[in-house]
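Listed below, chain by chain, are the residues.
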Amino acid sequence: MFINTAMFLVRTPNGLKTAIIEGDVVGGTCVNRGCVPSKALLAVSGRMRELQNEHHMKSFGLQVAAAGYDRQGVADHANNLASKIRSNLTNSLKALGVDILTGVGTILGPQTLKYGKGGSGGTAITAKDIIIATGSVPLVPKGIEVDGKSVITSDHALKLEYVPDWIAIVGSGYIGLEFSDVYTALGSEVTFIEALDQLMPGFDPEIGKLAQRVLINPRKIDYHTGVFASKITPAKDGKPVQIELIDAKTKEPKDVLEVDAALIATGRAPFTQGLGLENINVQTQRGFIPVDERMRVIDANGKLVPRLYCIGDANGKMMLAHAASAQGISVVEQVSGKDHVLNHLSIPAACFTHPEISMVGLTEPQAREKAEKEGFEVSVAKTSFKANTKALAENEGEGLAKLIYRPDNGEILGVHIFGLHAADLIHEASNAIAMGTRIQEIKFAVHAHPTLSEVLDELFKSAKVKVTSSPVAEPVSV
Amino acid sequence: MSHSHLLRTSFIPTAPPSLRRVAAVTHIRARTPQIQSKIREIFMPALSSTMTEGKIVSWVKSEGDKLSKGESVVVVESDKADMDVESFYDGYLAAIIVDEGLSAAVGSTIALLAESEEEIAIAQSQKLSSSAPASASASAISSNDAPKAFDETPTPVASSATPAGNAGISNAVVNSGALGSAVHPASEGGKRVVASPYAKKLAKDLGVDLRGVVGSGPNGRVVAKDVEAAASAAKVSGNGGATAVASETTKPSGVELGSVVPFTTMQSAVSRNMVESLAVPTFRVGYTITTDALDALYKKIKSKGVTMTALLAKATALALVKHPVVNSSCRDGKSFTYNSQINIAVAVAIDGGLITPVLQDADKVDIYSLSRKWKELVDKARAKQLQPNEYNMGTFTVSNLGMFGVDRFDAILPPGTGAIMAVGASQPTLVGTKDGRIGLKNQMQVNVTADHRVIYGADLAAFLQTLSKIIEDPKDLTF
């Protein structure tokens, strides 16, 4: 369970009494095996990359002696951070009066569940509302043998037990991409294995192309696309990890790679086994628990299970921590008597490579598809970080920001940013989408100079909207 | 006048009459594909008045894609923003010469556009051939040069040209570098190459064939430093080969220093003629001719196969029409022999010698036929198949050393003729114009050596004046 929900729970005027059933460690994936340690490692890799980029340093007039790293020190930074946040979270929960019940939770019926060591024993309890937030685990496709040493998932990788010379990363989504950033900064060479025909398939294609040009081509990374890793055998007896590649469409064998390590980053599978879902006649779809737009669980007959909700990776709507959190807040609102439906299009996403990638809303192809179906026009505004003073001062002019919008009414359909601090900059756009702000309203907002946020200012100002805004409110004299 | 020497003159004879060099064979061969197919070049545009170089941000279209006029092909970085560059023609993007992330000078070729799908393959081979000879710096040596040892795939152009003995060196280099034992567990006895990602990238950039690199990484895999070592080894032997070949330019093939080599028949003939010419009283008159108009004309009609040699020969012939005495000779020491034809002999250097193929009736034949004939003659000369009547019947000789940057020289009068004209390089020169201003014009110096028994100073001067007028106003040359 993510922390915000808990905070919110107690802040509500009704002061709902809350208990958390935790089968593993408090904080779940995000704190222990996800966001927290990965950002710690990425912070290290970002600095390492900068310090090792002699050319970059020289352009500032700096001389840096050969930068090196101590693997254990780096691993400790990540582990310590995870522990610290875990204990902070536990303390906050306790301070808020939340009961932490240790054990595996199983639903017995509507509003009834038990927790314990699993199996037949355990303590039964009742609750007015139940939220399932069991999250996900790394997905390991069949044929791949994970040994935790030479063939690993993100869980193992974040412990950084060793840095291989050559690691194959299966999957080029944001997890694989972030790890490639970490490993290449620490001196490894990376080979991507991607099932689809292009790398980074989830991103807007223009951003993906630029990202490839900056994050992959100049680094010690090569790739195989359109292939599956049908069999991966861990290293043993001095032989390297063997990866058999087959063509994704024809399934014909294509190549065999021999690498020092393989990281499986093909996505995450929902963790919904053993929850007792059959007791309430709920069937999972590919492991995900079906829910409606209010996060209420739908049973096998298509009826809503009363007072049962499912948020986060377990329902598969948007597998991001802050999406889970937002879904949780939506549920709490409902539980407190106020209806709430979360607009998923206003939820931003970020990839913490160097430079970062972030996005909110639709990609250009998705926007154009929607436009064709619903019969409106789509326009695109683009700007380069090269035009931004702050970015140039940092010699980080490599970047692109893109605004996809409706010129007839100024609605923002999507914003994509690739560049320095992209993950922080996106919120202006995601806020606008969440509040339904139109471009003609936001374009007069002032941005401090010189800051990176002016990149978005450029986008809004360069958009050509056919509608002008309504008269502004009373000006405030200074 | 001391001007900087231009290595490339606007006169580009296909057969430079320098001593002992066979320069132009590969020029012709390398350019053949261009003449046959309609491959257009896509140039780096100037996106602002001060832009000298642009960086390719991304290729909107990929090799093989169809292009329509006006469609975006590539995104180029300017100082303010990245700008889309459109295609001016319909066709197919046949070959990308400059990749993403790389820069190119404004006006340089960044890609090739083929009009039809079939021509895409031609453009691809053109791309390979145009990149390969770039490394064969120095003068145009016959193609299989040592630098080609770097290429993974031998270009079709290169392999077709005849190695002229120099290739023996380069072939040895290629063979020694190739297929070093790839015996290590990971590669299943040399069938597969196991190389790390960075090694693969380096191999591509440095032009190293991975199959020939021995791996020192774990399980015998090829790592970056193996590729770097292989590249510097190839360079060393390549340079050795290149310098060996380069030194060929200063000595004829097979020359041994410190040895005494008797004249060949041709060399004996040349020597004899030169000695004979000592008996003739010669004098020289020089003239500076502005060639801007001629250069412009050449540019216009060179696509029709016209060469500078042919243009010069034609101009000379037309001038000789007006000054027949310059076309005469003194055969017996006591009379003028006025020739009925104007046959311009042009000096050509061939392997081990010098020969003067003759353009007969150069005043009467049109420039296009003259050019065609010239090409024929040069090929025959190279193949040593010129008939006596094709080299004996000259009445006036032209010798051009302009392509070497020579600005003026004195030619020796071949026996049996009255005059020989030595042509120097055309160079941009500061001149004072009629209206008292300073301007820049392309000028070349010609120097005529004539037999004073039949040609007097005033005759020669008048001839040169006429020639200069014809060259400076060349409209009559094209018929």
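Because the structure is a prediction, the values reported are computed rather than measured. (Residues numbered from 1 in each chain as written. Chains lettered and ligands numbered in written order. Predicted model: local features only at pLDDT ≥ 70, side-chain atom pairs only at ≥ 80, totals over all residues. Heavy atoms only, no water.)

## A closer look at helix α5 (residues 71-95) of chain A
Residue and element names in this part refer to chain A. Helix length check: α5 (25 residues) gives 36 Å between terminal C-alpha atoms against 36 Å at 1.5 Å per residue, within 8%. The complete set of buried residues in α5 reads Val-74, Ala-75, Ala-78, Ala-82, Leu-89, Thr-90 and Leu-93. In the segment just after α5, Gly-97 is the residue with positive phi, at about 85 degrees. (Helix = DSSP H or I, 4+ residues; strand = E, 2+ residues; numbered from the N terminus. Expected span 1.5 Å × (residues − 1). Buried < 20%, exposed > 50% of the residue type's maximum accessible area, 1.4 Å probe, protein only.)

## A word on helix α8 (residues 292-301) of chain B
Residue and element names in this part refer to chain B. Taken together, the buried positions of α8 are occupied by Leu-294, Asp-295, Leu-297, Tyr-298 and Ile-301. Angularly, the buried residues of α8 cover 165 degrees about the axis, an arc narrow enough to put them on a single face. The outward face of α8, more than 90 degrees from its buried face, is lined by the exposed residues Lys-299 and Lys-300. Of the surrounding secondary structure, the elements contacted by the buried residues of α8 are α9 (308-322), α10 (367-382), β15 (419-432), β16 (438-451) and α12 (457-472). (Arc of directions from axis to C-beta. Contact = heavy atoms within 4.5 Å.)

## Brief notes about the interface of chain B and chain A
If you look at the interface, chain B gives 22 residues, while chain A gives 22 residues. Its largest share of buried area at the contact with chain A, chain B owes to Pro-197, Lys-201 and Arg-221 of chain B, together 31% of the area lost on that side. Linking chain B with chain A are two salt bridges. If you look at where chain B meets chain A, you find nine residue pairs in polar contact (both at pLDDT 80 or more). Counting residues per element, the ones that place at least two in the side of chain B that touches chain A are β2 (53-59) and α5 (197-206) of chain B. Here the side of chain B that touches chain A takes five residues from α5 of chain B, the largest share from any one element. (Buried area = accessible area lost by both parts, 1.4 Å probe. Salt bridge = Lys/Arg side-chain N within 4 Å of Asp/Glu carboxyl O. Polar contact = N/O pair within 3.5 Å; in protein donor to acceptor, adjacent residues only side chain to side chain.)

## Observations regarding the UniProt feature "domain: Peripheral subunit-binding (PSBD)" (unreviewed entry) in chain B
Mapped onto this numbering, the UniProt entry gives "domain: Peripheral subunit-binding (PSBD)" (unreviewed entry) at residues 194-231 of chain B. For the annotated span residues 194-231 of chain B, helix accounts for 47% and strand for 0% of the residues, and the straight-line distance between the end C-alpha atoms is 18 Å. (UniProt positions renumbered as here; feature names shortened; annotations may be inferred.)

## What to know about the pairing of strand β10 (residues 189-194) of chain A
All names here are of chain A. For β10, the tally of buried residues reaches six of six residues, placing the bulk of the element in the interior. Covered by surrounding structure in β10 are Glu-189, Thr-191 and Ile-193 together with Val-190, Phe-192 and Glu-194, the residues of both alternating faces. Relative to β10, strand β9 (residues 166-170) runs parallel, the two being bridged by five bridges. If you follow Ile-169 over to β10, its bridge partner there is Phe-192. In this region the chain leaves β9, passes through helix α7 (residues 174-185) and returns to the parallel neighbour β10; the handedness of that crossover is right-handed. Sheet analysis places β10 next to strand β11 (residues 221-225), joined by five bridges and oriented parallel. When the sheet's bridge partners are listed, Thr-191 is paired in β11 with Asp-222. With helix α8 (residues 205-216) bridging β10 and its parallel neighbour β11, the resulting β-α-β unit is right-handed. (Pairing = 2+ DSSP bridges. Right-handed = clockwise from strand over helix to strand, strands pointing away.)

## Digging into the nonpolar core
With 54 residues, the main nonpolar core has Leu-311, Val-326, Ile-344, Phe-396, Leu-460, Phe-463 and Leu-467 of chain B as its most contacted residues. Tallying contributions element by element places α9 of chain B first for this core, with ten residues. Ignoring any residue separated from it by four or fewer positions in sequence, one finds Leu-460 of chain B in contact with Phe-283, Val-285, Val-326, Val-448, Ala-450 and Ile-455 of chain B. With 46 residues, the next largest nonpolar core counts Val-163, Val-190, Leu-199 and Ile-207 of chain A among its residues. (Core = buried A, V, L, I, M, F, W, Y, C linked by side-chain atoms within 4.5 Å.)

## Considering the pattern of salt bridges
Residue and element names in this part refer to chain A. Evaluation of the coordinates by the stated rule reveals 32 salt bridges over all chains. Asp-197 is the salt-bridge partner of Lys-249, the closest N and O atoms lying 3.3 Å from each other. In this pair, Lys-249 sits in the loop between β13 (241-247) and β14 (253-259) while Asp-197 sits in the loop between β10 and α8, placing the two residues 52 residues apart along the sequence. For the pair formed by Lys-249 and Asp-197, the shared burial category is exposed. When salt bridges with common partners are traced through the structure, they connect Asp-204, Glu-206, Glu-364, Arg-368, Lys-382 and Lys-402 into a single cluster.

## What to know about the environment of Val-380 of chain A
Residue and element names in this part refer to chain A. Relative to the elements of secondary structure, Val-380 occurs in strand β21 (residues 379-384). Relative accessible area serves as the criterion here: at 27%, Val-380 is assigned to the partly exposed category. Considering only alpha carbons, one finds Val-380 and Ala-463, 83 residues apart in sequence, at a separation of 7.7 Å. Setting aside residues no more than four positions away along its own chain, Val-380 makes contact with Glu-364, Arg-368, Lys-402, Leu-403, Ile-404 and Tyr-405.

## Structural notes on the packing of helix α3 (residues 35-52) of chain A against α7 of chain A
Residues and elements named next belong to chain A. Viewed as axis vectors pointing N to C, α3 and α7 meet at an angle of 45 degrees, and their least axial separation amounts to 8 Å. Viewed along their axes, α3 and α7 adopt a mutual orientation that is oblique. α7 is crossed by α3, and the crossing has left-handed handedness. The residues of α7 that touch α3, namely those facing Ser-38, Lys-39, Leu-41, Leu-42, Ser-45, Met-48, Arg-49 and Gln-52, are Glu-178, Ser-180, Asp-181, Val-182, Thr-184 and Ala-185. When the residues that make up the contact of α3 with α7 are grouped by side-chain class, the tally is five nonpolar, five polar and four charged. (Axes fitted to C-alpha atoms, helices over the stretch in contact; angles between N-to-C directions. Parallel < 35°, antiparallel > 145°, perpendicular 65-115°, else oblique. Left-handed = near helix turned anticlockwise from the far one by under 90°. Nonpolar A, V, L, I, M, F, W, Y, C, P; charged D, E, K, R; others polar.)

## Observations regarding the sheet that holds strand β20 (residues 356-361) of chain A
Residue and element names in this part refer to chain A. Pairing is antiparallel across the open sheet formed by five strands, whose spatial order is β19-β20-β23-β22-β21. Only two strands of the sheet have a single partner each, and these edge strands are β19 (349-351) and β21. Strand-to-strand, the axes of this sheet are offset by a mean angle of 10 degrees, without reference to chain direction. As paired strands, β20 and strand β23 (residues 412-419) are joined by six bridges and run antiparallel to one another. Residue pairing for β23: Ser-358 is matched across the bridge by Ile-417. Sitting on the sheet, α8 touches β20, β21, β22 (400-405) and β23, and the angle it makes with β23 is about 5 degrees. In the packing of helix α10 (residues 364-374) onto the sheet, contacts are made with β21, β22 and β23, and the angle to β22 comes to roughly 10 degrees.

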